[in-house]
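Survey of secondary and tertiary structure
Residue strings, one per chain:
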Amino acid sequence: MVAPILPDLGTEILIPVCAVIGIVFALFQWFLVSKVTLTAARDSSPNSSGKNGYNDYLIEEEEGINDHNVVLKCAEIQNAISEGATSFLFTEYKYVGIFMVAFAVLIFVFLGSVEGFSTSHQPCTYDQTKICKPALATALFSTISFLLGGITSVISGFLGMKIATYANARTTLEARKGVGKAFIVAFRSGAVMGFLLAANGLLVLYITINLFKIYYGDDWGGLFEAITGYGLGGSSMALFGRVGGGIYTKAADVGADLVGKVERNIPEDDPRNPAVIADNVGDNVGDIAGMGSDLFGSYAESSCAALVVASISSFGVNHELTAMLYPLIISSVGILVCLLTTLFATDFFEIKAVKEIEPALKKQLIISTVFMTVGIAIVSWIALPSSFTIFNFGVQKAVKNWQLFLCVAVGLWAGLIIGFVTEYYTSNAYSPVQDVADSCRTGAATNVIFGLALGYKSVIIPIFAIAISIFVSFSFAAMYGVAVAALGMLSTIATGLAIDAYGPISDNAGGIAEMAGMSHRIRERTDALDAAGNTTAAIGKGFAIGSAALVSLALFGAFVSRAAITTVDVLTPKVFIGLIVGAMLPYWFSAMTMKSVGKAALKMVEEVRRQFNTIPGLMEGTTKPDYATCVKISTDASIKEMIPPGALVMLTPLIVGILFGVETLSGVLAGSLVSGVQIAISASNTGGAWDNAKKYIEAGASEHARSLGPKGSDPHKAAVIGDTIGDPLKDTSGPSLNILIKLMAVESLVFAPFFATHGGLLFKI
């Protein structure tokens, strides 16, 4: 067998260097954003005029608005949003921290009990002729990697939220000089989050592997089995971040919209609305912190699934380090590719008009995918032997390096297809959303019918894309192929997150412009940024759901191998009952999260109505509303309501594995994967379409849109109702479901030795 071109020492240097480059680039982008000052001082740098098609004059100069007061107001609002978001996350992490410690103890006890807490070495699971480290060591190191994954996930979400709240007012202020300048600030801020998350996730995983290797030595199977805890920790935190943040943001959003826009007929983000600060805080804790943790979890799990399968293939058996770390090398090259791609948006091309914003963001996806395809080809050529074997349910399958390249590439391009299909169904530039907007002529009922139909239809092409990528990657390289296909989809995670985080930052920028009393022309620019961000947020969710499907299947394969199941026979009662119950779980989970949003929104609506009815001068704008009470309602409700859905996801694999055994659990995992992906895509796209149908009517950019408007018209009110129904679908239930299918699979993999040894108690009676 020919050794890879890239030597082991080259791999040891390449991975951490790429991670450090990613962190340095993120810090540099943050430095550039920080040069936009939150003071009334004029930017007088000589090279600033003419950049991005605008001179640096301020709109306020010609409209006679007091510039100094506007800037102070923006700084004050930004401070309130930042404080609210930080306060919520600290409260959430306090509760999540308790869970982390409790679950870490559970991992140690369950895995340690597999061999009765024995410290003596045992025959290896996959090769009985070799002696491996004791089960107690796996228990201890799995617990440590779980805590590391959880902490990294929390830090990823928190850093993303801090940069977003740092950048929102700066984006608003730059909008006074031109839409191009505002776009660059919002995009650079998103890039800070994207690169910090991708680089931190890679670096922590790489360091953890090297530290664990000191103890494990040549026992690579045991080493990478212990590493799976990293993915479990990442996704556990993501679940609570997504559900808690999603409930927070939608309770505030629904409360603000129903009373403010529908009942009182005041604009979105009007400072008279008591829920407006809570609404803007919610954008950051849900879409930024939650999404950051979610995609970090996907990255960690797909890496872990690939490493587990590789460790029992020829890479692990022959101790080929470079080939073994192929998944990490893909992620390393991904950081370099995304870095180059980002420069196309911020430095190589200028945004000169509103209509150029969305194409610029779409180009990011295309450029990163094309460059990454070349990167994967190079990596597959230098980091893999020309031929090798991959573990495939008890046998070793011969694979060529070009076949593995195709596995990664098919995942990468499937991600792009899912992104563009999502954009087609959620952007108001295309007919599906325009048809939904048109249906508002006859009221909210037809709007809801059209929106649901759009969501169901939008599932078709993404599912075919996922199915084809699974078929190709499995045919070439079994479950390892599926795992690296998921990694291919996530290889451009830094660009994906930059585009995704751009949305909430632009949304906040528009809210701040409205609350600070800035001119209509500035609000038009921030609205244009926000409308593009709405679509890109939907694309980000599409990526997250698509990658979750592949990750979940790869983890499922690793679980089946680890639990020593040779075939999963759907015709056996044990498996079939698991299959049908697993398919039901996403519905149960969605019901819990949507009802939680409804309950929290009910309290918010009552509070907003109370303030409008009892505070004199509030509607006239002479008195300030009580923002703090609304922030507290959202915080308390989301913390309380995130626990039951979280418990459902975390306890299901434990209960099924212990009581019914690994075969029934394999059925549950398959069922939840199949139904969860469909519901997640349709829910996210339905909500996104309703939101953009409302924005289509509000913007009035075409003759058709103007015939439905203006704001306050009957079609507009019907669109607002559709948007309000869609809010929990696209920002709570839909995005949380992809964590459900991944988390149950990775948890089953971590606990597989325990379930295989002690599980199925009911069938043993």
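Criteria and thresholds
Residues numbered from 1 in each chain as written. Predicted model: local features only at pLDDT ≥ 70, side-chain atom pairs only at ≥ 80, totals over all residues. Heavy atoms only, no water. Axes fitted to C-alpha atoms, helices over the stretch in contact; angles between N-to-C directions. Helix = DSSP H or I, 4+ residues; strand = E, 2+ residues; numbered from the N terminus. Parallel < 35°, antiparallel > 145°, perpendicular 65-115°, else oblique. Left-handed = near helix turned anticlockwise from the far one by under 90°. Contact = heavy atoms within 4.5 Å. Nonpolar A, V, L, I, M, F, W, Y, C, P; charged D, E, K, R; others polar. Phe/Tyr/Trp six-rings, centres within 6.5 Å; stacked < 30°, edge-to-face > 60°. Lys NZ or Arg CZ within 6 Å of the ring centre and 35° of its normal. Core = buried A, V, L, I, M, F, W, Y, C linked by side-chain atoms within 4.5 Å. Buried < 20%, exposed > 50% of the residue type's maximum accessible area, 1.4 Å probe, protein only. Salt bridge = Lys/Arg side-chain N within 4 Å of Asp/Glu carboxyl O. Pairing = 2+ DSSP bridges. pLDDT = per-residue confidence, 0-100. Patch = residues over 30% accessible without salt bridge, like charges linked within 9 Å, V, L, I, M, F, W, Y side chains within 5 Å. Areas by Shrake-Rupley, 256 points an atom, 1.4 Å probe, with all protein chains shown as cover.

1. Regarding the packing of helix H18 (residues 573-614) against helix H21 (residues 662-699)
Interhelical geometry of H18 versus H21 gives an angle of 40° and a closest axis separation of 6 Å. It follows from the interaxial angle that H18 and H21 lie oblique. In terms of crossing hand, the pair formed by H18 and H21 is right-handed. Side by side, H18 and H21 meet where Lys-574, Val-575, Ile-577, Gly-578, Leu-579, Gly-582, Ala-583, Leu-585, Pro-586, Tyr-587 and Ser-590 of the first sit next to Glu-663, Thr-664, Gly-667, Val-668, Ala-670, Gly-671, Ser-672, Ser-675, Gly-676 and Ile-679 of the second. Of the residues contributing to the contact of H18 with H21, the split by class is 10 nonpolar, nine polar and two charged.

2. A closer look at the packing of aromatic side chains
By the definition in use, this model includes 28 aromatic pairs. Feature note: the residues Phe-99, Phe-103, Phe-110, Phe-146, Phe-240, Phe-751, Phe-754 and Phe-755 constitute an aromatic cluster, connected by ring pairs. The ring of Tyr-166 is capped by Arg-170, whose NZ or CZ atom sits 3.8 Å from the centre of that ring.

3. Topic: the nonpolar core
Judged by nonpolar contacts, the single largest core of 228 residues is most densely connected at Phe-183, Tyr-326, Ile-357, Tyr-480 and Phe-559. For this core, the element with the most residues is helix H5 (residues 179-216), which contributes 22 residues. Residues Cys-440, Leu-454, Leu-708 and Ala-718 belong to the second largest nonpolar core, which totals 19 residues.

4. Regarding the pattern of salt bridges
The full count for this structure, using the stated rule, is 27 salt bridges. The salt bridge partner of Arg-188 is Asp-347, with a shortest N-O separation of 3.7 Å. With Arg-188 in helix H5 and Asp-347 in helix H10 (residues 326-348), this residue pair connects regions lying 159 residues apart in the sequence. Taking relative accessible area as the criterion, Arg-188 reaches 13% and is therefore assigned buried. Judged by its relative accessible area of 38%, Asp-347 falls in the partly exposed class. In this structure, a network of salt bridges that share partners links the residues Lys-250, Asp-253, Asp-530, Asp-691, Lys-694, Lys-695, Asp-723, Asp-727, Lys-730 and Asp-731.

5. Considerations on the pairing of strand S4 (residues 395-400)
Where strand S3 (residues 387-392) lies against S4, six bridges are found, and the strand directions are antiparallel. Within the sheet, the bridge partner assigned to Ser-387 lies in S4 and is Lys-400. Once S3 ends, the chain turns through two residues before running back antiparallel as S4, passing Phe-393 with a positive phi of about 50°.

6. Some words on the confidence of the model for the protein chain
On average, residues of the protein chain score 87 in pLDDT, and 95% of them are at 70 or above. The low-confidence segment residues 41-55, where pLDDT is below 50, has 27 contacts with residues more than four positions distant or belonging to other chains. Across residues 60-64, confidence stays below pLDDT 50; counting only partners more than four residues off in sequence or on other chains, it has 10 contacts.

7. Focus: the environment of Met-237
When you line up the elements, Met-237 lands in helix H6 (residues 220-263). Separated by 91 residues in the primary sequence, Met-237 and Phe-146 have C-alpha atoms spaced 10 Å apart. Not counting residues within four places of it along the chain, the set of residues in contact with Met-237 comprises Val-96, Phe-99, Met-100, Gly-150, Ser-153 and Val-154.

8. Description of unusual backbone geometry
The backbone of His-319 shows a phi angle near 55°, a positive value even though the residue is not glycine. The phi angle at Ala-478 is positive, at roughly 50°, despite the residue not being glycine. Take Ala-478: it is sitting in helix H15 (residues 460-490). Given the relative accessible area of 0%, Ala-478 is considered buried.

9. Quick word on a nonpolar patch on the surface
Side chains of Val-101, Val-105, Phe-108, Val-109, Phe-117, Leu-140 and Ile-144 sit close together on the surface and give an oily, nonpolar patch of about 550 Å² of accessible area. Breaking the nonpolar patch down by element, the ones donating at least two residues are helix H3 (67-112) and helix H4 (135-174). The element best represented in the nonpolar patch is H3, accounting for four residues. With respect to the helices and strands, the residue Phe-108 is situated in helix H3.

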